[in-house]
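Observations on chain architecture
Take a look at the letters that make up each chain.
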Amino acid sequence: MIHELLLALSGYPGTIFTWNKRTGLQVSQDLPFLHPSETSVLNRLCKLGSDYIRFTEFTEQHIGHVHQQEHHANQPNQTGLHGIYLRAFCTGLDSTLQPYRQTLLDLEQEFLGDPHLTISHVNYKLDQFQLLFPSVMVVVETIRSQKIHGCQILETVYKHSCGGLPPVRMALEKILAVCHGVMYKQLAAWMLHGLLLDKSEEFFVKQGPSAGGAAANQEEEEEDLGLGGLSGKQLRELQDLRLIEEENMLAPSLQQFSLRTEMLPSYIPIRVAEKILFVGESVQMFENHNHSPSIAGSILKHQEDTFAAGLHKLKQQSLFSLVDFENLIDRIRSTVAEHLWTLMVEESDLLEQLKVCSRRRSLVLYHGSGPRDGATPPQDTSPREAPPTGWAALGLIYRVQWPLHILFTPAVLEKYNVVFRYLLSLRRVQSQLQHCWALQMQRKHLHSSQTDAVKWRLRNHMAFLIDNLQYYLQVDVLESQFSQLLQHINSTRDFESIRLAHDHFLSNLLAQSFILLKPVFHCLNEILELCHNFCSLVSQTVAPLDERGTAQLDILVKGFRRQSSLLFKILSSVRNHQINSDLAQLLLRLDYNKYYTQAGGTLGR
């Protein structure tokens, strides 16, 4: 019977030890010569045999026959599980079963030498697996039931290896090391050659943009707070600094690769994954671009073999070391970032290109609501608004040369376009108001009426507000932010640092010019529209305004009073709550001599 037991524990049940798919391996009930205590010990051993059979079925199902067994058919995979990480897991699992198989072989040799050895001896020899097999079975069942896929298997094995049982921890760490071998191979292909070898979507880097799941915000009430139309929602937006989502206004970034965060193991920080993504993208860009001989050469500075050896050394480690792993990733990233910095700043003259984008040079414009020559069309700020026409449809055309395209992406260029259109509309209104002043000087010798006094006083107030807004944007925002950007570029030799500084520069432009702050931006646009309508009214005729013109002027006066009062209340409320220094700075420009305050926060009276 001992040989029957050993065969059953090896995965070959018979008549004494029977196999049932539901209940597993059991001692036959038709054996009267067994004592109940012996039956109990044998059933305890049969649990090991049941786990072993299920382990081998699982491994054979996903990587084929590891050990040929007659009673197991090589059934097709019907679980939906697949992938190279699953195969690596099965390979590691099979290696952890090897000591169990060796113990059975040793027992067989012992019984051949001494036929009088008892069942208790078998139980003693196999007792070391009584804790291991159930714990490993939990991992297998988790992968099977939850259909764990790809790098998620790393996370599952890692979490179960953090227990306090040394045999279980050591076995799962051995399996995890085998699975890490697959990850290191994918990392080597991605970081050293720019190849994303991931047919089954198992890696934590993927091709295409990330799936940005925006949470749905609940509708907020629009109660009026008695601040000249400033609603509770608008005030909370100012107080909480909840800027408009950039993707609602600006063109989305057309990233070619992104992180698949659900596949990233928890023991690899997101900062490390971002570095891996950056290196692979950069190497892939070089591999796919036929650049000129002047910038030819490896982006890794011909250190591919050194870095490959480093990854191989990490692969040989029995335990994953985040310190060693991140140190190697940092070395590779630093090499790539410094090479890109040289290409960007020294060979592609990044500083000069930034001056072009910051309106220091002549700019090429396109006109029309559709793109021309590859230009990005203006984005609608609201689905209810008509498509932009005329001046509103003007934009920038900037032909990006390689490798500057990784810095000046379509989304970045569209941000420049948004800022440009806003500043252009402001400068246009400022020029129109100056033209109206010239007309006023030409007519000052003529007899003036009460209506003329109202008209020119309104122009003065409009020019006062627009001139100070223009000065704030030019000096406090553009010049200040651009000088900080140049200073940062000149103080580093790291491309990623430059890209972060440039992104910060653009974000500050959008924020400090209030493009992303809905209440202020809407109010300023209304003021610009009123100023434009006023200039059109004044420029239409040299003669004094008729009754219809006077009525239009009265509407403009009331509208400008209302919007200037709203702007003052918004700026004052923010200043009082000490939330946004940018709005406070604009208020300081507008109210430097307290005229705005003394006028009750209303211009145009």
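Quantities reported herein were computed from a predicted structural model and do not represent experimental measurements.

What counts and how
- Residues numbered from 1 in each chain as written.
- Predicted model: local features only at pLDDT ≥ 70, side-chain atom pairs only at ≥ 80, totals over all residues.
- Heavy atoms only, no water.
- Helix = DSSP H or I, 4+ residues; strand = E, 2+ residues; numbered from the N terminus.
- Buried < 20%, exposed > 50% of the residue type's maximum accessible area, 1.4 Å probe, protein only.
- Contact = heavy atoms within 4.5 Å.
- Areas by Shrake-Rupley, 256 points an atom, 1.4 Å probe, with all protein chains shown as cover.
- Axes fitted to C-alpha atoms, helices over the stretch in contact; angles between N-to-C directions.
- Parallel < 35°, antiparallel > 145°, perpendicular 65-115°, else oblique.
- Left-handed = near helix turned anticlockwise from the far one by under 90°.
- Pairing = 2+ DSSP bridges.
- Core = buried A, V, L, I, M, F, W, Y, C linked by side-chain atoms within 4.5 Å.
- Salt bridge = Lys/Arg side-chain N within 4 Å of Asp/Glu carboxyl O.
- Expected span 1.5 Å × (residues − 1).
- Phe/Tyr/Trp six-rings, centres within 6.5 Å; stacked < 30°, edge-to-face > 60°.
- Nonpolar A, V, L, I, M, F, W, Y, C, P; charged D, E, K, R; others polar.
- pLDDT = per-residue confidence, 0-100.

Helices and strands together make up the secondary structure of the protein chain, namely 20 helices and eight strands. When each of the 605 residues of the protein chain is scored for burial, the buried share is 47%. Contacts in the protein chain between residues at least 24 apart in sequence constitute 74% of all its contacts with a sequence separation of at least 6. Accessible surface, the protein chain as shown: approximately 30,400 Å² in total, 51% of it carbon and sulfur.

Between two packed helices, the angle of one axis relative to the other and the distance separating the axes together describe the packing. Where helix α5 (residues 129-146) meets helix α7 (residues 166-193), the closest approach of the two axes is 9 Å, and the angle between their N-to-C directions is 45°. As judged from the angle between their axes, α5 and α7 are oblique. Like other packed secondary-structure pairs, α5 and α7 cross with a definite hand, here right-handed. For the pair α5 and α7, the contacting residues are L131, L132, S135, V136 and V139 in the first and P167, V168, A171 and L172 in the second.

Attention now goes to the pairing of strand β2 (residues 24-27). Within a regular strand, side chains alternate between the sheet's two faces. Strand direction decides the pairing type here: strand β1 (residues 17-20) and β2, joined by four bridges, are antiparallel. Across the sheet, W19 pairs through a bridge with L25, a residue of β2. Turn length for the β1-β2 hairpin, with the two strands adjacent in sequence and antiparallel, is three residues.

So, about the nonpolar core. By size, the foremost hydrophobic cluster in this structure holds 88 residues, and its most contacted members are F89, L126, M183, F204 and F325. For this core, the leading source of residues is α7, giving 13 residues. Apart from residues no more than four positions distant in its own chain, F325 is found in contact with M183, Y184, L187, I268, V272, I276, L314 and F320. L413, V418, C436 and L439 belong to the second largest nonpolar core, which has 64 residues in total.

One non-glycine residue, K147, lies in positive phi territory at about 50°. With respect to the element layout, K147 can be found in the loop between α5 and α6 (152-160). In this model, E201 sits at a positive phi of 55°, which is unusual for a non-glycine residue. Among the structural elements, E201 can be located in the loop between α7 and β3 (205-207).

Moving on to the pattern of salt bridges. Here the structure, examined in full by the defined rule, presents 10 salt bridges. Residue D94 is joined to R101 by a salt bridge in which the shortest nitrogen-to-oxygen separation is 3.3 Å. The exposure class of R101 is buried, given its relative accessible area of 11%. Ionic pairing is found between E110 and K125, a salt bridge with its closest N-O pair at 3.7 Å.

This part covers the environment of D51. Summarising the element assignment, D51 is placed in helix α2 (residues 36-63). In this structure D51 comes out as buried when scored by relative accessible area, which is 13%. Placed 83 residues apart in sequence, D51 and P134 show a C-alpha to C-alpha distance of 7.4 Å.

A few words on α5. Here α5 spans 25 Å end to end across 18 residues, near enough to the 26 Å set by a 1.5 Å rise per residue. Those residues of α5 that sit buried are F129, Q130, L132, F133, V136, M137, V139, V140, T142 and I143. Close packing links the buried residues of α5 with α2, α3 (84-113), α4 (119-125), α6 and α7. Note on α5: the residue one or two positions beyond its end, K147, has a positive phi of about 50°.

A few words on the packing of aromatic side chains. Summed over all chains, the structure comprises 14 aromatic pairs. Judged by centre distance (6.2 Å) and plane angle (85°), the ring pair of F58 and F89 falls under edge-to-face. Placement of the pair is F58 in helix α2 and F89 in helix α3, with a sequence separation of 31 residues. Of the residues examined, F89 reaches a relative accessible area of 0% and is grouped as buried. Their ring planes at 65° and their centres at 5.3 Å tell us that Y422 and F521 sit as a pair that is edge-to-face. On the criterion of sequence distance, the pair formed by Y422 in helix α14 (residues 410-442) and F521 in helix α17 (residues 518-540) is long-range, its members being 99 residues apart. By relative accessible area, Y422 is classed as buried at 4%. The class for F521 is buried, based on a relative accessible area of 13%.

Here we take up the environment of R493. Residue position: R493 is located in the loop between α15 (450-490) and α16 (495-512). Considering only alpha carbons, one finds R493 and A337, 156 residues apart in sequence, at a separation of 7.8 Å.

Turning to the packing of helix α1 (residues 2-9) against α3, a few remarks are in order. Interaxial distance between α1 and α3 falls to 10 Å at its minimum, and their mutual angle equals 170°. Relative to α3, α1 is oriented roughly antiparallel. Where α1 abuts α3, its residues I2, H3, L6 and L9 lie against Y100, L104, L107, E108, F111 and L112. Split into classes, the residues belonging to the contact of α1 with α3 amount to eight nonpolar, one polar and one charged.

Glancing now at the side chain of N508. Mapped onto the elements, N508 comes out in helix α16. Owing to a relative accessible area of 16%, N508 belongs among the buried residues under this scheme. Excluding residues that lie within four positions of it along the chain, N508 makes contacts with Q481 and S513.

Secondary-structure assignment places D127 in the loop between α4 and α5. Assessed through its relative accessible area of 39%, D127 is described here as partly exposed. When the C-alpha atoms of D127 and R44 are compared, they prove to be 9.8 Å apart, with 83 residues separating the residues in sequence.

With that settled, the discussion passes to the confidence of the model for the protein chain. Residues of the protein chain with pLDDT of at least 70 account for 69%, and the chain-wide mean is 75. Per-element confidence in the protein chain ranges from a low mean pLDDT of 41 for strand β4 (residues 224-227) to a high of 93 for α6. Contacts of residues 65-76 to residues separated by more than four positions or lying in other chains number 26 contacts, the stretch itself having pLDDT below 50. Here residues 213-232 is a poorly scored stretch, pLDDT under 50, and it has 26 contacts once near neighbours within four places are set aside; other chains count.

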